[in-house]
Amino acid sequence: MSKVSEPPRIPGYEVTRSLGKGSIGFLFEAIQTSTERRVLLKVLDEIETSSEIEARFYRGAEIIARLSHPNIAQVYEIDRVGRRPYLVMEHLDGGSLSFRMTKAHTDESVAAGWVGSLAEAIHHAHSSGIIHRDLKPSGVLFS
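Okay, so let's go over this structure. (Residues numbered from 1 in each chain as written. Predicted model: local features only at pLDDT ≥ 70, side-chain atom pairs only at ≥ 80, totals over all residues. Heavy atoms only, no water.)

### Things to note about helix α1 (residues 51–66)
Here comes step 1: Between its first and last C-alpha, α1 extends 23 Å over 16 residues, near the 22 Å set by a 1.5 Å rise per residue.
Here comes step 2: By the burial criterion, the buried members of α1 are Ile-53, Glu-54, Phe-57, Tyr-58 and Ala-61. On an axial view of α1, the arc spanned by its buried residues comes to 135°, and they lie on one face. Residues Ser-51, Glu-52 and Arg-66 are exposed on α1 and point more than 90 degrees away from its buried face.
Here comes step 3: On its buried face, α1 sits against β3 (37–44), β4 (75–81) and β5 (84–90). (Helix = DSSP H or I, 4+ residues; strand = E, 2+ residues; numbered from the N terminus. Expected span 1.5 Å × (residues − 1). Buried < 20%, exposed > 50% of the residue type's maximum accessible area, 1.4 Å probe, protein only. Arc of directions from axis to C-beta. Contact = heavy atoms within 4.5 Å.)

Given below as structure tokens:
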């Protein structure tokens, strides 16, 4: 497993902080300089990247980009810097479902609302012929 000592330099984006390592890459919060919009950058790990992983990364990003639903984060850009593919997504800063589930007590009606929103997003993806094979509480983000 590799570490990022410094974030990648991607023209048009200013990385503000590291958000950690995902299954195949690194997540960063950034500012899109032309719009001053906060975004999420997902950058493939250069060391762990193979042509198969890169193809899967692009395929997944393109699938997400085609979906248009209020409960699914938007993909703004898919590109590469040097040998490292990256995608730029809508930044959601409300924390993950796993974080929210660790709170001492969550009102049942609030939790039911979360489940309803998640079900609507999953239904939309399924109606578009897309099945999410790695859905987990840490990957469900809130705005």
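### Notes on the pattern of salt bridges
Here comes step 1: Under the counting rule described, the total for this entry stands at six salt bridges.
Here comes step 2: Close ionic contact of Glu-29 with Arg-17 constitutes a salt bridge, the shortest N to O distance being 3.4 Å. Of the two residues, Glu-29 is situated in strand β2 (residues 25–32) and Arg-17 in strand β1 (residues 13–21); the sequence distance between them amounts to twelve residues.
Here comes step 3: With its nearest N and O atoms 2.8 Å apart, the salt bridge here joins Glu-54 to Arg-80. Placement of the pair is Glu-54 in helix α1 and Arg-80 in strand β4, with a sequence separation of 26 residues. (Salt bridge = Lys/Arg side-chain N within 4 Å of Asp/Glu carboxyl O.)

### What to know about the pairing of β2
Here comes step 1: The buried fraction of β2 amounts to seven of the eight residues, a majority that puts the element mostly inside the structure.
Here comes step 2: Inspection of the sheet shows β1 paired to β2 by seven bridges, in the antiparallel sense. When the bridges of β2 are listed, Tyr-13 appears paired with Gln-32. (Pairing = 2+ DSSP bridges.)

### So, the environment of Arg-9
Here comes step 1: Structurally, Arg-9 can be placed in the segment before β1.
Here comes step 2: What makes Arg-9 exposed here is its relative accessible area of 68%.
Here comes step 3: Considering only alpha carbons, one finds Arg-9 and Ala-111, 102 residues apart in sequence, at a separation of 39 Å.

### Description of the packing of aromatic side chains
Here comes step 1: Evaluated as defined, the whole model comprises two aromatic pairs.
Here comes step 2: Relative to Tyr-58, the ring of Phe-57 has its centre 6.0 Å away and its plane inclined at 70°; by these criteria the two rings are edge-to-face. Per residue, the accessibility class of Phe-57 equals that of Tyr-58, and both read buried.
Here comes step 3: A cation over a ring is seen here: Lys-21 above Phe-26, with NZ or CZ 5.0 Å from the ring centre.
Here comes step 4: Above the ring of Tyr-76, the side-chain terminus of Arg-37 is found at 3.7 Å from the ring centroid. (Phe/Tyr/Trp six-rings, centres within 6.5 Å; stacked < 30°, edge-to-face > 60°. Lys NZ or Arg CZ within 6 Å of the ring centre and 35° of its normal.)

### Some points on helix α3 (residues 108–127)
Here comes step 1: Between its terminal C-alpha atoms α3 stretches 28 Å, which fits the 28 Å expected from 20 residues at 1.5 Å a residue.
Here comes step 2: Positive phi shows up at Gly-129, right after α3, with a value of about 80°.

### Here we look at the sheet that holds β4
Here comes step 1: Taken in spatial order, the five strands line up as β1-β2-β3-β5-β4 in an open sheet, and their pairing is antiparallel. A strand with exactly one partner marks an edge of an open sheet, and here the two such strands are β1 and β4. For this sheet the average axis-to-axis angle between neighbouring strands, irrespective of direction, equals 25°.
Here comes step 2: Contacts between α1 and the sheet are confined to β3, β4 and β5, with β4 contributing the most and set at about 160° to the helix. (Axes fitted to C-alpha atoms, helices over the stretch in contact; angles between N-to-C directions.)

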